[in-house]
Amino acid sequence: DFRLLRQEKPAEHIISHGDTLGVYVRDEIDNSAEIALVHYPIGPENSNIEGPAVGHPFKVTEDGTVVLPDVAPISISGMTVAQATEAVRAAYVDIEIVKADRNSVSVSLVKPRTIEVMVLREDTGGGIPVWKPRDGQAISRRGSAEVVTLPAFENDVLHALTASGGLPGIDGFNEVWVLRGGGLASQVTIENIRERIESEPLTLEMVQTMAGAAPLLRIPLRVGPCEELEFGPQDVILEEGDILFIPSRETEYFLTGGLLQGGMYALPRDYDVDIFAAIAIANGNALGPAGINAPATNFNIKPGAVIPPSRAIVVRTIGSQQIKIDVDLKRALDDPKERLVIQPRDLILLKYRPAEFMGNLGLNIVTFNFSIPNGDF
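Bear in mind that the values here come from a model prediction, so they are computed numbers and not experimental data.

Visitor: Outline the pairing of strand 15 (residues 311-318), listing residues and values.
Guide: Bridge count between strand 15 and strand 16 (residues 321-328): 8 bridges; the pairing is antiparallel. When the sheet's bridge partners are listed, A312 is paired in strand 16 with V327. Here strand 15 folds back onto strand 16, and the loop between the two strands holds 2 residues, one of which, G319, carries a positive phi near 65°. Alignment of strand 15 against strand 17 (residues 347-351), held across 5 bridges, turns out to be antiparallel. By the bridge assignment for strand 17, V315 is matched with L347.

Visitor: Outline the sheet that holds strand 16, listing residues and values.
Guide: Read from one edge of the open sheet, 5 strands run 14-13-17-15-16, paired in mixed fashion. A strand with exactly one partner marks an edge of an open sheet, and here the two such strands are strand 14 (263-266) and strand 16. The mean inter-strand angle of the sheet, taken between neighbouring strand axes irrespective of direction, is 25°.

Visitor: Mind laying out the pattern of salt bridges, listing which residues take part and the relevant values?
Guide: In the structure shown here, the tally under the stated rule is 15 salt bridges. Close ionic contact of R222 with D270 constitutes a salt bridge, the shortest N to O distance being 3.5 Å. Pair noted here: R222 is in the loop between strand 11 (216-220) and strand 12 (243-246) and D270 is in the loop between strand 14 and helix 5 (275-281), with a separation of 48 residues, a long-range link. Overall, R222 belongs to the exposed group, its relative accessible area being 52%. A salt bridge links E338 to R331; the shortest N-O distance between them is 4.0 Å. With relative accessibility at 33%, the residue E338 sits in the partly exposed group. What emerges from the salt-bridge pattern is a single network uniting E175, R218 and E230.

Visitor: I'd like to hear about the sheet that holds strand 1 (residues 20-25), residue by residue, with values.
Guide: Reading across from one edge, 4-1-7 is the order of the 3 strands in this open sheet, with antiparallel pairing throughout. Edge strands, defined here as strands with exactly one partner in the open sheet, are strand 4 (56-59) and strand 7 (105-111). With strand direction ignored, the average angle separating the axes of adjacent strands in the sheet is 35°. With 4 bridges joining them, strand 1 and strand 4 adopt antiparallel strand pairing.

Rules used in this analysis
Throughout this document, residue positions are counted from 1 along each chain, in the order its sequence is written. In keeping with the predicted nature of the model, local features appear solely for residues at pLDDT of at least 70, side-chain atom pairs appear and are counted solely at 80 or more, and the whole-chain, interface and lining totals rest on all residues. Excluded from the side-chain calculation are hydrogens and water; included are all heavy atoms of the structure. Note on pairing: two strands pair once DSSP finds at least 2 bridges between them. Comment: elements are numbered from the N terminus, with helices defined as DSSP H or I runs of at least four residues and strands as E runs of at least two. The angle between two axes is taken between their N-to-C directions and runs from 0 to 180 degrees, where each axis is a line fitted to C-alpha atoms and a helix contributes only its stretch in contact. By salt bridge we mean one thing: a side-chain nitrogen of Lys or Arg within 4 Å of a carboxyl oxygen of Asp or Glu. Three labels apply to residues, based on accessible area from a 1.4 Å probe with only protein chains included: buried if under 20% of the type maximum, exposed if over 50%, partly exposed otherwise in between.

Printed below as a string of structure tokens:
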């Protein structure tokens, strides 16, 4: 549910440091008793302002106060605009500058605070057409980096993704990394993360071990029906200086050889591929004549390719070691449990068994001649 990637927006704006308020105090801040300054909201960062603001602009300080003439700083952090109006009115009524009538003081929101976050994407940017050859490898790919300005209560992962091109493309992992801005640069870098992603799939525990005390979080964008979410409502909220990172899937491929044409093919991102599907992706012919140019009915092209290969060897890398997995394609056809699921960087070798090889060798020696001399039967 992508709604879990955004924060709940309050019914009324909650004031905090960085907000710009329009304050009007009759005969005090505005020397004109009848005309006050009017500010019209312009720009996407003001999308949550319902109408024009009235009064002189004052910015809420870092300690959550607003500094106005002739009164002590007024603490208004955590208040709504209506509550801030009452607080300002009370401050001026206490020193008898204005009367306690409701028309003497007004507070409105001129500009909400904004949060700037960096979005680094190694997937192809949105809106850029990418052509792919038959082996599934992208001809060109361009990452992107930009600073995104988000208004208050829209500073979350979903709005940052929307502003930077949307969900990750198929050449990027279906996940987002959030690197918190405070003290992160000295402890972990994006290159550290990239190296770990290329070596093995990361879990939240592994990331925390790698990052130490640095706040770093992985947010998956696709989970199984029984998986627990690794993040909560507060984790999707972005603060000033945070970095959103989307890594590429450059290591998500498998290799082919043997009776299959040698090549490197991209693995689908969001579903598994078994041995039969991988052979099909590589333009092979599982349990059929080997090679795309040797159909069983075409005896003019290598009759020795009629008997299909029924053996596949998958060379899998686990850590620093390699293992060989022997797959019987005939048995796998009848038993789904025998259909090996292909993992990144697997090498698939389609092979003949000795009897199949000898049978095709014999067919290669035999010359088939179906010509009819003189047209007679």
